[in-house]
Amino acid sequence: MEFLDVLSRHYEILLFTAATKPYAEAVIGELDPSGEYFKYIFHRAHCLETKNGYRIKDLRIIGNRDLKNIVIVDNLAHSFGYQISNGIPILGWEGDPFDTELKFLAQYLLDAKDHENLRVYNEKHLRLKELAKLSISQLQI
């Protein structure tokens, strides 16, 4: 709740999930029952589906918004594959009460909030386009 409270002061927050509409509404009902934080809900019907069944979240469906002002946070990087420079990958939450991912994400977003183009900010700090071009052998895992 602290994450939503702090970030909603600087960003318009939308829920964009590959889950069904009833699931999305249930999540919003738990996280934001008063409708204070989430301005819009996008769900499975708003995603594109690949022939392999992957759901892609094409940010161009968000009307009257310039892509340079939009970021998407997702635990599945392919979800924002059409606009990789808008994407911020995050580890999925597994119920660990000591998980600090949202703490780091909040700081990243607060640091980014005054930049004119969030895509450029992401490209500089996350370098996902460069990572996507590397082969597995180049990653030295």
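The following refers to the structure shown. (Residues numbered from 1 in each chain as written. Predicted model: local features only at pLDDT ≥ 70, side-chain atom pairs only at ≥ 80, totals over all residues. Heavy atoms only, no water.)

**Notes on the pairing of strand E2 (residues 38-42)**
Note: strand E1 (residues 13-16) against E2, 4 bridges, orientation parallel. Across the sheet, isoleucine 13 pairs through a bridge with phenylalanine 38, a residue of E2. Once you follow E1 into helix H2 (residues 21-31) and on to E2, the crossover reads as right-handed. (Pairing = 2+ DSSP bridges. Helix = DSSP H or I, 4+ residues; strand = E, 2+ residues; numbered from the N terminus. Right-handed = clockwise from strand over helix to strand, strands pointing away.)

**Focus: the environment of histidine 10**
The topology assignment puts histidine 10 in the loop between helix H1 (2-7) and E1. A C-alpha to C-alpha distance of 12 Å links histidine 10 and isoleucine 70, two positions 60 residues apart in sequence. When sequence neighbours within four positions are dropped, the list of residues in contact with histidine 10 reads Leu110 and Lys113. (Contact = heavy atoms within 4.5 Å.)

**Some details on empty space enclosed by the protein**
Tallied over the entire structure, the rule returns 1 cavity of 30 Å³ or more. By volume, the largest cavity is sized at about 40 Å³. At 3 residues, helix H4 (residues 118-126) tops the list of elements feeding residues into the lining of the largest cavity. For the lining of the largest cavity, a count of residues per class yields 3 nonpolar, 3 polar and 3 charged. (1 Å grid on protein atoms, 1.4 Å probe; cavity = no way out; pocket = protein on both sides within 12 Å on 5 of 7 lines; lining within 4 Å. Points joined across faces, edges and corners; volume = space filled by probe spheres on them. Nonpolar A, V, L, I, M, F, W, Y, C, P; charged D, E, K, R; others polar.)

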